[in-house]
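If you want the building blocks of each chain, they are given just below.
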Amino acid sequence: MPDFSEGAEEPAESAAGAGPRPAFDTLAIHAGQAPDPTTGAVVPPIYQVSTYKQDRIGEPRGGYEYSRTANPTRVALEECLMALEGGGRGLAFASGMAAEDTLLRTVCRPGDHVVIPGDAYGGTYRLFDKVLRPWGLAYTPAPLADVAAVRAAVRPETRAIWAETPTNPLLGIADIAALAQVATDAGVLLIVDNTFASPYLQQPLALGADVVVHSTTKYLGGHSDVIGGAVVVADPELGERLAFHQNAMGAVAGPFDAWLTLRGVKTLGVRMERHCANAAAVAEMLGRHPRVAEVYYPGLPGHPGHDIAVKQMRGFGGMVSFRLADGEAAALAACERAKLFTLGESLGGVESLIEHPGRMTHASAAGSPLEVPADLVRLSVGIEDVDDLLRDLEQAIS
Ligand SMILES: *Cc1c(COP(=O)(O)O)cnc(C)c1O
């Protein structure tokens, strides 16, 4: 079997000369997941183990010493995610937030500054405001769709630009290549939270970003059964520093969680195709509905980021947000009347979810510059039958 673990820097021919680099859907199933050398098991076993035998002092038999440092199931996931993002190193964490925290405490020091999105994920905003600001890391929210505003927000002590695209919950689109240019000019890192798009739809490193962050809880895991996070970096040297902090801080993914995530990743491509098709149909229906004031979906030609989304994404994703013409009460009622769309936080699973960002996922941003409209409803459109989904939404908002 060819070695699928090379990063983006590798030539199209694999090092082993075994042919062209496999395409995304092949990497999702095989990268980092060669059959187990001892048993032939075709999927990586769950190595539920903390420590490993050393043949002599300092000579671990299989290269593993202790599972906080490295664990074979986690390594399989890390190599797979690295391949899917075309990076030089992948690291798996206990959650998306753990990945973000470890990353930021690796690349920033107290006294530094980060530019963050004007409508960042609520938990990311809370991490910056309530945990990292007291630690000494300053931040400035900037509207990422406005490249000049991002450039203007960069200061001498800025270490990174943190981008999310599409954003949560307003589905704003940032031009990753343009932000990469701003970051390069300023000598700072461009970090992209690629959770909403998944690597199947968008590959920020190829567009010039330095770091990709994921909540693997969402599309990568895809089945609402595991919490996890990941960081993929282009530069292996930064990858080494991150691995040091991953081990030193210890917020690692456990073997079973890594295994569940790997199982989900295998079907990422086929799931994303259906998520995109169903979300497009939902956005189209909402756009025609008299009780809907506004629809946010980058696939709609009228969306302000549509042209950039066409340029940098393979599809427009499964997330749709909309505002009710009759205000907050109508938004709350729609969330509670939906039946097939389950009322719940999170996103990216096979089942459709509905939520009220103002009271649920983004409640922690209330009163801040990142506060979301009270009449907003967010949908994570799943892969159920599309007619059933449309019928349920019709009854929920009518
Ligand atoms: C969910 C999410 C996170 C946080 O990930 P957890 O796995 O919940 O810790 C970060 N960014 C985005 C965009 C998310 O949706």
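Refer to the structure printed above.
Residues numbered from 1 in each chain as written. Predicted model: local features only at pLDDT ≥ 70, side-chain atom pairs only at ≥ 80, totals over all residues. Heavy atoms only, no water.

Undergrad: Give me the lowdown on the nonpolar core, citing residues and values where you can.
TA: Note that soluble globular proteins tend to have their nonpolar side chains buried in a common cluster. Within the largest apolar cluster, 54 residues are counted, with the highest numbers of intra-cluster contacts made by Leu81, Leu84, Val150, Ile161, Leu190, Val265 and Leu268. Ranked by residues supplied to this core, first place goes to helix H2 (residues 72–85) with 6 residues. In contact with leucine 268, not counting residues within four places along its chain, are Phe24, Ser198, Pro199, Tyr200, Tyr219 and Leu220. Listed in part, the 30 residues of the second largest apolar core include Ala98, Ala99, Leu132 and Leu238. (Core = buried A, V, L, I, M, F, W, Y, C linked by side-chain atoms within 4.5 Å. Buried < 20%, exposed > 50% of the residue type's maximum accessible area, 1.4 Å probe, protein only. Helix = DSSP H or I, 4+ residues; strand = E, 2+ residues; numbered from the N terminus. Contact = heavy atoms within 4.5 Å.)

Undergrad: Which residues make up H2, and what are the values?
TA: Taking 1.5 Å per residue, 14 residues should reach 20 Å; H2 reaches 20 Å between its end C-alpha atoms and fits that length. Burial analysis of H2 places 13 of its 14 residues in the buried class, the great majority of the element. Regarding H2, its N-cap is asparagine 71, as a side-chain oxygen of that residue lies 2.9 Å from the backbone nitrogen of threonine 73 further along. In the stretch just after H2, glycine 86 is the one whose phi turns positive, near 65°. (Expected span 1.5 Å × (residues − 1). Polar contact = N/O pair within 3.5 Å; in protein donor to acceptor, adjacent residues only side chain to side chain.)

Undergrad: Lay out the site of the ligand with the relevant residues and their values.
TA: Taken together, 14 residues lie near the ligand, and Gly96, Asp193, Ser215, Thr217 and Lys218 sit nearest. Between the ligand and the protein, one listed contact pairs an oxygen atom with a backbone N or O atom of glycine 96 at 2.9 Å. Considering the ligand on its own, with 380 Å² of exposed area, one finds that the protein chains cover 93% of that surface. Looking at which element gives the most residues to the shell around the ligand, the answer is helix H3 (residues 96–107), with 3 residues. A per-class count over the shell around the ligand returns 4 nonpolar, 6 polar and 4 charged. (Near = heavy atom within 4 Å. Areas by Shrake-Rupley, 256 points an atom, 1.4 Å probe, with all protein chains shown as cover. Nonpolar A, V, L, I, M, F, W, Y, C, P; charged D, E, K, R; others polar.)

Undergrad: Please provide a residue-by-residue account of the packing of H3 against helix H8 (residues 236–249), values included.
TA: Each pair of packed helices can be described by the angle between their axes along with the distance between the axes. H8 packs onto H3 with a crossing angle of 120° between their chain directions and a minimal axis gap of 9 Å. Taken together, H3 and H8 sit at an angle that is classed as oblique. Crossing hand, H3 versus H8: right-handed. Residue-level inspection shows Asp101, Thr102, Leu103, Arg105, Thr106 and Val107 of H3 in contact with H8, the latter providing Leu238, Arg241, Leu242, His245, Gln246 and Met249. The residue inventory of the contact of H3 with H8, partitioned by class, reads 5 nonpolar, 4 polar and 3 charged. (Axes fitted to C-alpha atoms, helices over the stretch in contact; angles between N-to-C directions. Parallel < 35°, antiparallel > 145°, perpendicular 65-115°, else oblique. Left-handed = near helix turned anticlockwise from the far one by under 90°.)

In short, the description is geometric, and any link to function would need to be established separately.
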